[in-house]
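Here's the letter readout for the chains.
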Amino acid sequence: MRIVLLGAPGSGKGTQAALLKTRLNVPHISTGEILRAAVAAGTPLGRQAKAVMAAGALVSDEIVLGMLEERFSQPDVLGGFILDGYPRNLAQANALEALLGRLGQPIDRAVQLDVAESTLLQRLAGRAKAEGRADDNPDSVAHRLHVYTEQTAPVIDFYEKHGALVRVPGEGSMEEILERIIAALD
Ligand code: B4P
């Protein structure tokens, strides 16, 4: 199964993708994780992305698409995948459709995790304390939420028009939410 996970920062995309990976036995592809690994390794791409990510803005479409094309050239994606963090705007949604069209691997389901803003803020503040991620400080979180509303929310309509969208309430325990997603995929 080929799945895109959609939702605001802190909605649980990365958390649920990790659980779904084990349940469905398909790779988890997170553009956020690929970018954080590039930053940690200090690659040229990572050096370009570092400040943009810390501020909570989107890294350029060109850079992220290049990384994604490289990941999708690996054969493990042919058995299905969970894509987390991409697409984040309409240009990325169209680029993904073209890429997967060329591979003959269209998206089966786009799962939107629906979470109240107060919960998002609580979760990200919790992660800031626990992990100290550079973009979980209050200013960057506020900007990430703004970017989500302005640029990423229209991607939900894109998948709704394609008949691929399922909406899942994203509050409750991680296991409860996982079971809701599995039920919605059937
Ligand atoms: P991401 O890595 O995608 O970060 P995110 O949106 O915050 O979500 P994440 O998956 O990490 O967190 P989750 O909600 O699971 O992106 C980071 C940055 O990379 C972006 O801002 C951007 O700069 C760049 N980027 C990535 N993709 C890009 C793209 N396509 N184009 C351009 N730039 C891109 O979890 C949050 C917290 O909530 C965790 O602490 C978790 O433990 C907790 N949590 C989750 N579920 C819970 C539950 N049910 N109950 C309680 N806590 C829960």
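Residues numbered from 1 in each chain as written. Predicted model: local features only at pLDDT ≥ 70, side-chain atom pairs only at ≥ 80, totals over all residues. Heavy atoms only, no water.

Student: Would you mind showing me how to read the layout of surface pockets here?
Tutor: Summary: where empty space remains is shown by rolling a probe the size of a single water molecule over the atoms. Put simply, the largest pocket is a space of about 910 Å³. Around the largest pocket, the lining is made up of 43 residues, and of these Lys 13, Arg 88, Arg 127, Arg 133 and Arg 144 lie nearest the centre. Within the residue set of the lining of the largest pocket, elements represented by two or more residues are strand 1 (2–6), helix 1 (13–24), helix 2 (31–41), helix 6 (117–131), helix 7 (138–161) and helix 8 (174–185). A total of five residues in the lining of the largest pocket trace back to one element, the largest contributor, which is helix 2. Split into classes, the residues belonging to the lining of the largest pocket amount to 16 nonpolar, 16 polar and 11 charged. As for the second largest pocket, its lining consists of Arg 36, Val 39, Lys 50, Met 53, Ala 54, Arg 133, Ala 134 and Asp 135. At the level of elements, helix 2 and helix 3 (44–54) are the ones that each hand at least two residues to the lining of the second largest pocket. If you tally residues by element for the lining of the second largest pocket, the top one is helix 3, at three residues. For the lining of the second largest pocket, the residue count by class is four nonpolar, no polar and four charged. (1 Å grid on protein atoms, 1.4 Å probe; cavity = no way out; pocket = protein on both sides within 12 Å on 5 of 7 lines; lining within 4 Å. Points joined across faces, edges and corners; volume = space filled by probe spheres on them. Helix = DSSP H or I, 4+ residues; strand = E, 2+ residues; numbered from the N terminus. Nonpolar A, V, L, I, M, F, W, Y, C, P; charged D, E, K, R; others polar.)

Student: Help me understand the site of the ligand, please; the structure alone is not making it clear to me.
Tutor: As a matter of local geometry, the ligand sits amid 28 residues, with Gly 12, Gly 14, Thr 31, Ala 57 and Arg 144 nearest to it. In the model, an oxygen atom of the ligand is placed 3.3 Å from a nitrogen or oxygen of the Gly 10 main chain. At a separation of 3.0 Å, a nitrogen atom of the ligand approaches a polar backbone atom of Gly 172. Expressed as a share of its isolated accessible area of 1000 Å², the protein-covered part of the ligand is 89%. For the ligand, the cavity whose grid points lie within 2 Å of the majority of its atoms is the largest pocket. When residues of the shell around the ligand are traced back to their parent elements, those giving at least two are helix 1, helix 2, helix 6 and helix 8. (Near = heavy atom within 4 Å. Polar contact = N/O pair within 3.5 Å; in protein donor to acceptor, adjacent residues only side chain to side chain. Areas by Shrake-Rupley, 256 points an atom, 1.4 Å probe, with all protein chains shown as cover. Sits in = over half its atoms within 2 Å of the grid points.)

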